[in-house]
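Working through the structure, step by step
Below are the chains, spelled out letter by letter.
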Amino acid sequence: MSKSLPYSMKDVHYDNAKFRQRSCLKLITQSVLTSKKHDCTSCSTGKFLVLLMIGGLVYLMLTHASSSDSVGRIAKDMGTEAGDHLITNGSSSFARFWRKPPRLPPRLSPDEMGTNNSSQHEAEKLNVASKWRARQQGVRNAFIHAWSGYKSYAMGHDELMPLSQRGVDGLGGLGATVVDALDTAMIMGIDEIVSEAGSWIEKHLPERINEKGQVNLFETTIRVLGGLLSAYHLSGGQQGKNLAHKGPEPVVYLENARNLADRLLTAFTSSPTAIPFSDVILRDNTAHPAPDGLSSTSEVSTLQLEFNYLSSLTGDPKYSTESMKVLEHLKTLPKVEGLVPIYISPNNGEFSGENIRLGSRGDSYYEYLLKVWLQRRENNLTYLHDMYEEAMKGVRHLLVRKSSPNGLVFVGELPYGPNGAFSPKMDHLVCFLSGTLALGATKGITKEAAMKANLLTFEDLEHLKLAEELAKTCFEMYSVTSTGLAPEIAYFNVEQGNSEGAADGGNKSSKYVHDIVIKHADRHNLLRPETVESLFVLYRVTEDPKYREWGWEIFKAFEKYTKVGSGGYTSLDDVTVLPPRRRDKMETFFLGETLKYLYLLFGDKTVIALDEFVFNTEAHPFPIIKGSSGME
């Protein structure tokens, strides 16, 4: 019984007892048995009262009988239907005399009454499920529209320029959109697109890999190699999920992945240290550093999921061995409370400069510390988890602040190291951190399940709290603008009363219009996925429907302001004005990540479960590796 009830179950049982049927004989017997203090029939007064009661009963019976006769005579004289009604009623008068009074049904406790609403609750659940199925279908339609523009004007090129209606090769000419979008089409069950993309890969990608020139190691690994490996699994390769019903045999994806990886390995083997060069010439099978000689910390440390999985599939450890050398080396370098500079030299293996941030060139280093550990938990790579935990403590201590006047939690930067000034600048890219924190706390299961199993530490709960606070901030970066779409970079006001005249997002009705400052050079939107990625992870972990609603608001803004009628979606130059100026570029990650995460956010929570798969930084899901096959 709920403690909040104003009465106890004893009261309920007592009330219900009042309505139980009890015979006249039982009443008299109970009265005689319970009358212990005084026997009413033992005195003359009592005997007199009993006789009087019996006489009264006889009198009532006789008078009721005579009234029945009179009623019958009246009915005959009337000769009407009403008379028949009186005869019936009159003849039953004697029966009515003995009839028990009508009873109300027994009272139910409030807890019991709640169960009667189960059918209503089921109906509500069905309505909610139907709503999200419809919204998920909207995302699926958006993907089809995006693909239709790419197919019509840019098929085989890396990216679509939807306003110019032409293709552009900014990622080495490997048809990056085809490969990046393929597993999204598989997850959505769009067989026609799977067939089109798969056929293109089978016919054209081998030649591209063998003959193309310079590609970036990081971008090619996460988009093309990652896309091929995910497609292999989702098309049924090595007992995968087999979500694809059309397209080539799975081995086609694996063969292309292996051919590409063999060439990309040159970046590792050509370097004098464990840190790979940034660029590879595919046709020459050579590699070289960037013009300034430096590599991005995030780029060299965001290759391991892909190469580990390839080793697992092929049984050849060389891919995993070369890529894991990077993380093993990074473990030995000095850090600032687990935080690292954003540049590193492949020539001497040391960090370069002091700039510390979780935005561009720093972000996915922290993401892969956790995800590589999750991918290979059976291999006891505890040093990665230790590095992740130390880094998150450093983030909370050195980078997390609150804005003024309304206290939005954000992650800033230390452009001149721990001894320099703090910058309240936060890239949209940093919004990945919310999902990473939630994933690290529960390891992919729900918060409720983790709590029941007593799996969450105090640190885990702190990470979940920060994850939710950052997700709110990232969503407000959208809602504070006129278009409802976030800028590439935001600054946060950290001084009371210091936002007057600052460049805001244009939505004057937003509560946070004075908390978030958007500079003119940072107002573009590239259709990025990081916020919806974190909303997806947080919804899976917390099961809080607000994350779905936030995702739906973001999707509606994409539909309203970035959709191009002839096909595709475009980046924007300025999200703070209406109508927004458009940039004429559809990045591959809009199909590979943004729409995929929205589709999964609105769909069945068991599809690509977070405790069975790990997503690479380009949203390509790989199954968690069991055992150590090919990894030694």
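Overview of the structure. Computed from a predicted structure; not experimentally measured.

Before going further, it helps to spend a moment on the state of the cysteines. Evaluation of the coordinates by the stated rule reveals 1 disulfide. Paired through a disulfide, Cys431 and Cys474 show a sulfur-sulfur distance of 2.0 Å. Here Cys431 and Cys474 share a disulfide; its torsion about the S-S bond, -105 degrees, makes the bridge left-handed. With Cys431 in the loop between strand S11 (425–427) and helix H18 (432–442) and Cys474 in helix H20 (residues 458–479), the pair connects residues that are 43 residues apart, well separated along the chain. Owing to a relative accessible area of 1%, Cys431 belongs among the buried residues under this scheme. In this structure Cys474 comes out as buried when scored by relative accessible area, which is 2%.

This part covers the side chain of Gln136. In this fold, Gln136 is placed in helix H7 (residues 118–154). Classification of Gln136 as buried rests on a relative accessible area of 15%. Residues contacting Gln136, with those up to four places away along its chain left out, are Tyr599, Phe602 and Gly603.

This paragraph deals with the sheet that holds strand S13 (residues 516–517). Across the sheet, which stays open at both edges, the 3 strands sit in the order S11-S12-S13 with antiparallel pairing between neighbours. Either end of the sheet is taken by a strand with one partner, and the two such strands are S11 and S13. Contacting S11, strand S12 (489–492) and S13, H20 crosses the sheet at an angle of about 110 degrees to S12.

A few words on a nonpolar patch on the surface. A cluster of nonpolar residues, Leu51, Met53 and Ile54, forms a patch on the protein surface that exposes about 330 Å² of accessible area. Locating Leu51 in the fold gives a position in helix H3 (residues 44–78). Taking relative accessible area as the criterion, Leu51 reaches 60% and is therefore assigned exposed.

Thresholds, definitions, all that
In every chain, residue numbers begin from 1 and rise along the written sequence. Only residues with pLDDT of 70 or above have their local features reported here, since the model is predicted, and side-chain atom pairs are shown and tallied only from 80 upward, although totals for entire chains, interfaces and linings are computed over all residues. Side-chain metrics in this entry use all non-hydrogen atoms of the structure; hydrogen atoms and water are not considered. By convention in this document, the label disulfide applies to cysteine sulfur atom pairs within 2.5 Å. To qualify as a helix, a DSSP run of H or I must reach at least 4 residues; to qualify as a strand, a run of E must reach at least 2; elements of each kind are numbered from the N terminus. Relative accessibility under 20% of the residue-type maximum defines a buried residue, over 50% an exposed one, and the middle range a partly exposed one, all with a 1.4 Å probe and only protein chains included. Between two residues, a contact is recorded if the distance between any of their heavy atoms is within 4.5 Å. Strands pair, by our definition, only if DSSP identifies at least two bridges between them. Every axis in this analysis is a line fitted to C-alpha atoms, fitted for helices over the stretch in contact. Angles between the N-to-C directions lie between 0 and 180 degrees. Surface patches are defined over residues having more than 30% relative accessible area and no salt bridge, joining like charges when they lie within 9 Å and nonpolar side chains (Val, Leu, Ile, Met, Phe, Trp, Tyr) when within 5 Å. Where accessible areas are quoted, they stem from the Shrake-Rupley method and a 1.4 Å probe; at the residue level, only the protein chains shown are allowed to cover. Here, a salt bridge means any Lys or Arg side-chain nitrogen found within 4 Å of an Asp or Glu carboxyl oxygen.

Nothing here speaks to function; it is all geometry.
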